[in-house]
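Each chain is listed here by its residues.
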Number of protein chains: 4
Amino acid sequence: MTNIAFIGLGNMGGPMAANLLKSGMQVTVFDLVEASVNALVEQGAKAATSAVDAVADAEVVVTMLPAAAHVKSLYLGDNGIIEASRDDVLFIDSSTIDADSARVVGKAVEQAGRLFVDAPVSGGVAGAKAGTLTFIMGGSVDGVAKATPVLQCMGKNLFHAGDTGAGQIAKICNNMLLAVLMSGTSEALQLAIDNGLDPKVMSDIMLQSSGCNWTLQKYNPCPGVMEDVPSSNDYQGGFMVKLMNKDLNLAMNAAANSESSTPMAAAAQGLYKLHQRNGNGDKDFSSIFTLFAKD
Amino acid sequence: MTNIAFIGLGNMGGPMAANLLKSGMQVTVFDLVEASVNALVEQGAKAATSAVDAVADAEVVVTMLPAAAHVKSLYLGDNGIIEASRDDVLFIDSSTIDADSARVVGKAVEQAGRLFVDAPVSGGVAGAKAGTLTFIMGGSVDGVAKATPVLQCMGKNLFHAGDTGAGQIAKICNNMLLAVLMSGTSEALQLAIDNGLDPKVMSDIMLQSSGCNWTLQKYNPCPGVMEDVPSSNDYQGGFMVKLMNKDLNLAMNAAANSESSTPMAAAAQGLYKLHQRNGNGDKDFSSIFTLFAKD
Amino acid sequence: MTNIAFIGLGNMGGPMAANLLKSGMQVTVFDLVEASVNALVEQGAKAATSAVDAVADAEVVVTMLPAAAHVKSLYLGDNGIIEASRDDVLFIDSSTIDADSARVVGKAVEQAGRLFVDAPVSGGVAGAKAGTLTFIMGGSVDGVAKATPVLQCMGKNLFHAGDTGAGQIAKICNNMLLAVLMSGTSEALQLAIDNGLDPKVMSDIMLQSSGCNWTLQKYNPCPGVMEDVPSSNDYQGGFMVKLMNKDLNLAMNAAANSESSTPMAAAAQGLYKLHQRNGNGDKDFSSIFTLFAKD
Amino acid sequence: MTNIAFIGLGNMGGPMAANLLKSGMQVTVFDLVEASVNALVEQGAKAATSAVDAVADAEVVVTMLPAAAHVKSLYLGDNGIIEASRDDVLFIDSSTIDADSARVVGKAVEQAGRLFVDAPVSGGVAGAKAGTLTFIMGGSVDGVAKATPVLQCMGKNLFHAGDTGAGQIAKICNNMLLAVLMSGTSEALQLAIDNGLDPKVMSDIMLQSSGCNWTLQKYNPCPGVMEDVPSSNDYQGGFMVKLMNKDLNLAMNAAANSESSTPMAAAAQGLYKLHQRNGNGDKDFSSIFTLFAKD
């Protein structure tokens, strides 16, 4: 039974920590919101009084925070968790942040002789609850080997993308492409509709042709084509437009740093930002389909 | 044994007509290039002296021509093939042309009491030779029913997209989306490479994630990731950049006519045109990957 | 006193013909709408019973029609006006059409030994009434020389862009760039506003810097910055979004024919089409500013 | 005679400090590169041994550094220049950095009871030498009033854009629009050329029409149209592509922070990044014209 510290019990972190408990792990939790801590204590977790307190005896520390500033402050701040931790600890940061920040934190951890893995997730709150998240890991072979059994308690698909920071890069490359797929598929379906075709028939044809992509397979953006997807539920649930925009900003920053040209993602970002401006930030990201529809 | 007339024996039409012969059909052929006619005669076809002569006894007429102007001239010109044909004939036009032209021709055929199906293909010369083309049909249920056994001699996947012209629309919507998928996947892979990731690892991750699409499944644009695709053969063979640009022009024209907004395809078109300008018109369309690579 | 035939008396053609009369020209008019003809007769024009009748004695024929199909039918149709005209006639087509159609018509006129100039206009209905239109001419030096005194009765700025068709090309290149200027200026102003700047101050700075362009000089798209422009009149009047989209379609067609890459105009077109979809087709084209504003 | 400290004597800062000396100011200089300090000492400046030493007696401090990290370190670091300065000092930062960093630094200065103005420049090395720079200032009315006579020694046009940070915002909005103007004008000129028009004639027409913009007025990107511009000098000199990309990155970051949609600038950025990738980072930014030209 591994002794795990879990820091950050929000919409994602809460159910993730709960799945560790269900798998029989011993979990010490910390969050600035007391109610979040209490909810986990009721499920068998031990409450820590601070982040430093939480990591004291942990073999593995999982952190799940909103943005890079929080991660850097937690790891690198005056009361940082690195020095407070055991010599043989593994830190897993599952926050979605920029790769540079992940590398800075990872380097600090490694210079202190500890292991670090960045392991951002996809799958959303539903995946966090169901324990079916995807984790994309960046780090050393040793770190990844030690992280794997822990992450398997919370997720279904685990990938090792490369060195420290590579998990973040791989996640944002994937999500950047996803924005392109969703925008491109939406405009293609609307063009077909505008020319008299049935979107279900058009979707079936593209599914079996070279236009095939994940959005047609799992997440058709046109209402009525698939059941049990956000487009058939008024674009509620799923992955919010504002979160897609957050990921697109991370992707554009990464592209700026590496002087990479990403014109297709830039076009998609322009559309997603217009869409958020129009008051759709909290809708599922497949609602970009409505941007192309006739009034 | 159906009596078929085949008009237009180019790179695509030639092997298509040959497959009809292999399936035991009786095929009368016509082309302005005598050598093309002779090649089919050697395989068992009967030579006609003109298009009008070719259609005289045909139960089904298949036309495969380079562009809309040729199709309109053949069907609607002074010596048009409609009046020269049998009352119960079915015309199948497999040329890739704009939907409006297809509708004009289809209407003329139907006003003469004959059946018409537009059935553009995908799959390229290789698919034409192997008899594994995809046909996307537009037309009446009767027309499609009669066309199906004929097209099955030349293709593997048959779709019925809708009324006359719908085959053309569905094909260009699919190919328009394909241009977006290929451009978007290429820039995502290059961004990953620029940030130190292995393109094969990145491809594997996206294949199992929400970035999954046909280009990663069948046609990875990054050299060395997949075998037996154009990217691993110096971008030779496959679907040429200039043909993708032709299809994108058709898509943009359709969008102009229906007042549809297609910003993602427009961005892809801008890139494909730059790429063709740089001397890559005859390369496979996955070579757009090289546009994003560092010199 | 030159004897002029004027065919096409719509919103633009009507006031243009009136200005010829005011300049003392002898004008014979024709339009399918009888009321339009009568309005000009009241101002001193002579009514013709047909287009062929109108051109019979004319030294100069001016045509002003909605689209290429009308122009081709008038010049090249069964009762074409070319053969009905005097040997020494000059035809001026002021319709905005694609350059290829202009060249086809111009060639037919020249093969009949007559002169032809394509001379599309800008300046809108207000310019037509005030006689301040801009004419961009394509044609021979002789044709342009003969057209100049006639066009000066209706316009203020006359340009000679090149050979037949060059007038059309120059006009759509200019208008294509205008769409880019207006979209780009709008998003820059909104970015400034979103960051707390006053749009008037920002406009003044850019006017005196490298961001200076016609939209800031004459046609600021942000309400309240300039008086007497559409943006300060609820985007009424001016140059309608749907007409900008028509010109962008012509530009994209020209680019397709010459295999030119126009990614900036393609991005602008995507935005203008979204804007028209949202019900803004009849608003002034500077209303694209509202696409970027916060709800 | 004002006592001025000048920190940062690079390609821009060196000639700027020299112009202060020429105007009769008493200037104390500091730079990490000793040779740069010596060059100014030869022109009459006093050398300081450190930044803190430089500011000790200054009434006005001008800082001109490469990036935000340097500015923040200089102002906010352990040996920050704020506390070392006189109570009545004015700090002018002429570095081009992100507005958020400018606001953070400005706030620290103001909390210490001093005045701060951000005043990024445009005009390049040539303008720095000639004393013809443009300064776009952000800050209080008092700060701007005090900065004005100092900046007038180094520049010709001074603007007050708004509160602290507004100078940076205004500069990047202008330069973002400039990237759009240059890309859009280039593709319009090339489209005209591809259709047989003379680029000089096309430029003249657009200069007098609604396509008029700064790039046509001062900086035509097509070789041979204007003399004494980079396009007629193999794109040497001027404003380098890599600097335009730096400014576009700043603009995109600002847009991300304010959730603004800037699709036109995003399209231009895609093109400028492709252009830099192709080995053109050190060329003048008008060389984007060559991206559209036929091989």
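Residues numbered from 1 in each chain as written. Chains lettered and ligands numbered in written order. Predicted model: local features only at pLDDT ≥ 70, side-chain atom pairs only at ≥ 80, totals over all residues.

**Points about the overall build of chain A**
And step 1. In terms of helices and strands, chain A carries 13 helices and nine strands.
And step 2. The C-alpha atoms of chain A give a radius of gyration of 20 Å, which matches the 19 Å a tight globule of 295 residues would have.
And step 3. In terms of its C-alpha atoms, chain A occupies a principal-axis envelope of roughly 65 × 45 × 35 Å.
And step 4. Classification of the 295 residues of chain A by burial places 62% in the buried group. (Helix = DSSP H or I, 4+ residues; strand = E, 2+ residues; numbered from the N terminus. Rg over C-alpha atoms; globule rule 2.2 N^0.38 Å. Buried ≥ 20, exposed ≤ 12 C-beta atoms within 10 Å, placed from the backbone.)

**Side note on the interface of chain D and chain C**
And step 1. Facing the 56 residues of chain D at the interface are 56 residues of chain C.
And step 2. Mapped onto the side of chain D that touches chain C, the elements with two or more residues apiece are β8 (133-139), β9 (155-162), α8 (166-194), α9 (199-207), α11 (241-257) and α12 (263-280) of chain D.
And step 3. Of the residues contributing to the side of chain D that touches chain C, the split by class is 32 nonpolar, 20 polar and four charged. (Contact = placed C-beta atoms within 7 Å. Nonpolar A, V, L, I, M, F, W, Y, C, P; charged D, E, K, R; others polar.)

**Here we look at the packing of α8(D) against α9(D)**
All names here are of chain D.
And step 1. Contact geometry for α8 and α9: axes closest at 9 Å, N-to-C directions at 130 degrees. Between α8 and α9, the crossing angle belongs to the class labelled oblique. Two packed elements cross with a definite hand, and for α8 against α9 that hand is right-handed. Counted together, Leu189, Ala192 and Ile193 of α8 and Pro199, Met202 and Ser203 of α9 form the full contact between these two elements. (Axes fitted to C-alpha atoms, helices over the stretch in contact; angles between N-to-C directions. Parallel < 35°, antiparallel > 145°, perpendicular 65-115°, else oblique. Left-handed = near helix turned anticlockwise from the far one by under 90°.)

**Thoughts on the relation of the copies chain D and chain C**
And step 1. Rotating chain D by 180 degrees and moving it 0.0 Å along the rotation axis overlays it on chain C with an RMSD of 0.0 Å. Such a combination of turn and shift is consistent with a two-fold rotation axis. When each C-alpha of chain D is compared by its distance to the rotation axis, D:Asn213 comes out closest, at 1.9 Å.
And step 2. With an isologous cut-off of 70% or more, the 100% of interface residues of chain D that recur at the interface of chain C puts this contact in the isologous class. (Least-squares fit on C-alpha atoms with pLDDT ≥ 70 in both.)

**Points about the interface of chain D and chain B**
And step 1. Each partner contributes residues to the interface: chain D has seven residues there, and chain B has seven residues.
And step 2. For the side of chain D that touches chain B, the element with the most residues is α12(D), which contributes four residues.
And step 3. Partitioned by chemical class, the residues of the side of chain D that touches chain B number two nonpolar, two polar and three charged.

**Thoughts on the domain arrangement of chain A**
And step 1. Taken domain by domain, chain A comprises domain 1 (3-164) and domain 2 (169-292).
And step 2. With ten residues of domain 1 of chain A at the interface, the matching set in domain 2 of chain A holds ten residues. (Domains from an automatic or database assignment.)

**Brief notes about the relation of the copies chain D and chain B**
And step 1. By a simple turn and slide, chain D fits onto chain B: the slide is 0.0 Å along the axis, the RMSD is 0.0 Å, and the turn is 180 degrees.
And step 2. Counting the interface residues of chain D, we find that 100% of their copies in chain B are interface residues as well, pointing to one common contact surface.

**Observations concerning the pairing of strand β1 (residues 3-7) of chain D**
All names here are of chain D.
And step 1. Among the five residues in β1, four count as buried, and that is most of the element.
And step 2. Across five bridges, β1 lies against strand β2 (residues 26-30) in parallel orientation. Looking at β2, one finds that Ile7 is bridged to Phe30. (Pairing = 2+ DSSP bridges.)

**Regarding the pairing of strand β4 (residues 60-63) of chain B**
All names here are of chain B.
And step 1. Where burial is concerned, the two faces of β4 agree: the one with Val60 and Val62 and the one with Val61 and Thr63 are both buried.
And step 2. Judged from the four bridges that link them, strand β1 (residues 3-7) and β4 form a sheet pairing that is parallel. Bridge pairing in β4 places Ile4 opposite Val60.
And step 3. Note: β4 against strand β5 (residues 90-93), four bridges, orientation parallel. Residue pairing in the sheet places Val61 in a bridge with Phe91 of β5.
And step 4. Note on the crossover from β4 through helix α4 (residues 68-76) to β5: the handedness is right-handed. (Right-handed = clockwise from strand over helix to strand, strands pointing away.)

**Quick notes on the environment of D:Met240**
And step 1. Structurally, the position occupied by D:Met240 is in the loop between α10 (214-218) and α11.
And step 2. A sequence separation of 155 residues divides D:Met240 from D:Ser85, and the C-alpha atoms of the two residues are 36 Å apart.

**Describing unusual backbone geometry**
And step 1. A positive phi is found at A:Asp228, a non-glycine position, where the angle reads about 60 degrees.
And step 2. Locating A:Asp228 in the fold gives a position in the loop between α10 (214-218) and α11 (241-257).
And step 3. Located in the positive-phi region is B:Tyr235, a residue other than glycine, with phi close to 60 degrees.
And step 4. Checked against the element boundaries, B:Tyr235 lands in the loop between α10 (214-218) and α11 (241-257).
And step 5. Overall, B:Tyr235 belongs to the buried group, with 23 C-beta atoms counted inside 10 Å.

**Description of the confidence of the model for chain A**
And step 1. Here chain A shows a mean pLDDT of 96. Residues at 70 or above account for 100%.
And step 2. Across the assembled chains, the prediction reports ipTM 0.94 with pTM 0.93. (pLDDT = per-residue confidence, 0-100.)

**Observations regarding helix α9 (residues 199-207) of chain C**
And step 1. Taken together, the buried positions of α9(C) are occupied by C:Met202, C:Ser203, C:Ile205 and C:Met206. All buried residues of α9(C) fall inside an arc of 165 degrees around its axis, so they share one side.
And step 2. The secondary structure elements touched by the buried residues of α9(C) are α8 (166-194) and α10 (214-218) of chain C together with β8, β9 and α8 of chain D. (Arc of directions from axis to C-beta.)

**Some thoughts on the environment of B:Lys242**
Residue and element names in this part refer to chain B.
And step 1. Tracing the backbone through its elements, the reader meets Lys242 in helix α11.
And step 2. Here the alpha-carbon distance between Lys242 and Tyr272, two residues 30 residues apart in the chain, equals 8.5 Å.
And step 3. If sequence neighbours within four positions are ignored, Lys242 has contacts with Gln276, Gly281 and Asp282.

**Things to note about the environment of D:Ser23**
Residue and element names in this part refer to chain D.
And step 1. Its location among the elements puts Ser23 in the loop between α1 (13-22) and β2.
And step 2. With 17 C-beta atoms packed within 10 Å, Ser23 lands in the partly exposed category.
And step 3. In the structure, Ser23 is positioned 22 residues away from Met1 in sequence and 9.4 Å away in space, judged by C-alpha atoms.

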